[in-house]
Amino acid sequence: MLRVIAGVNLFAAIVHLVFWGMAFIHFRDGLTLSSPVPAALATTFGIGVADLVWSVPLLVVGSIGVMQRRAAGWLSAQLANGLYFYSMTFILVRDTLTGDFKPGSYLFMPFTLFAFWALWGLWKRRDEFPGLCGASQA
């Protein structure tokens, strides 16, 4: 189970990098501080920056740390998986209200569904991560 979580989270980090890299390259000419940017596009790029600053590093550190049974890896993986719920709630509400579901909504939804399982799975196996509060120190 831990290998699956680490592998999927590492794959998710790569997908984030590729997706946002392509998005930023595609729209780079239209994104200047002086040009008007539609609100939906601006919020989408805000999520992209947040993904690159928070989600990708947490996914990578979590993947490596979970495989090494490190408390910091467990925490990073839990935080990264939790961020999926926040981001996808925001995205699904935005897409529902605008009636325009974006490709990223479909791309990242499977990772969000996986995150439900991963959060529970990591919680059940927390005793395998020395240094966590409540984990056995054997």
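Everything here concerns the structure above.
Residues numbered from 1 in each chain as written. Predicted model: local features only at pLDDT ≥ 70, side-chain atom pairs only at ≥ 80, totals over all residues. Heavy atoms only, no water.

Caption draft 1: Structural context of the packing of helix H3 (residues 71–98) against helix H4 (residues 103–124). It is at 9 Å that the axes of H3 and H4 come closest, and there the two elements cross at 140°. Taken together, the axes of H3 and H4 lie oblique to each other. Here H3 and H4 pass one another in a crossing that is left-handed. Of the residues in H4, those touching H3 at Trp74, Ala77, Gln78, Asn81, Gly82, Tyr84, Phe85, Met88, Ile91, Leu92, Arg94 and Asp95 are Ser105, Phe108, Met109, Phe111, Thr112, Ala115, Phe116, Ala118, Leu119, Leu122 and Trp123. When its residues are assigned to classes, the contact of H3 with H4 shows 16 nonpolar, 5 polar and 2 charged. (Axes fitted to C-alpha atoms, helices over the stretch in contact; angles between N-to-C directions. Helix = DSSP H or I, 4+ residues; strand = E, 2+ residues; numbered from the N terminus. Parallel < 35°, antiparallel > 145°, perpendicular 65-115°, else oblique. Left-handed = near helix turned anticlockwise from the far one by under 90°. Contact = heavy atoms within 4.5 Å. Nonpolar A, V, L, I, M, F, W, Y, C, P; charged D, E, K, R; others polar.)

Caption draft 2: Summary view of the packing of aromatic side chains. The tally for this structure, following the rule as stated, stands at 12 aromatic pairs. Here Tyr84 and Phe111 contribute two aromatic rings whose centre-to-centre distance is 6.3 Å and whose plane-to-plane angle is 25°, an arrangement assigned as stacked. Of the two residues, Tyr84 is situated in helix H3 and Phe111 in helix H4; the sequence distance between them amounts to 27 residues. Just as Tyr84 is buried, Phe111 falls in that class too. Through a chain of ring-to-ring contacts, three or more aromatic side chains come together here, namely Phe11, Phe19, Trp20, Phe24, Phe45, Tyr84, Phe108 and Phe111. (Phe/Tyr/Trp six-rings, centres within 6.5 Å; stacked < 30°, edge-to-face > 60°. Buried < 20%, exposed > 50% of the residue type's maximum accessible area, 1.4 Å probe, protein only.)

Caption draft 3: Spotlight on the side chain of Ser105. Along the chain, Ser105 turns up in helix H4. A polar contact of 2.3 Å, which involves the side chain of Ser105, links it to the side chain of Asp95. The residues contacting Ser105, other than those within four sequence positions of it, are Met88, Ile91, Arg94 and Asp95. (Polar contact = N/O pair within 3.5 Å; in protein donor to acceptor, adjacent residues only side chain to side chain.)

Caption draft 4: Structural view of the pattern of salt bridges. Here the structure, examined in full by the defined rule, presents 4 salt bridges. Between Arg69 and Glu128 there is a salt bridge; the shortest N-O distance is 3.3 Å. Placement of the pair is Arg69 in the loop between helix H2 (39–67) and H3 and Glu128 in the segment after H4, with a sequence separation of 59 residues. Lys102 is paired through a salt bridge with Asp100; the nearest N and O atoms lie 2.4 Å apart. A relative accessible area of 26% places Lys102 in the partly exposed class. Salt bridges linked by common partners bring Arg69, Arg125 and Glu128 together as one network. (Salt bridge = Lys/Arg side-chain N within 4 Å of Asp/Glu carboxyl O.)

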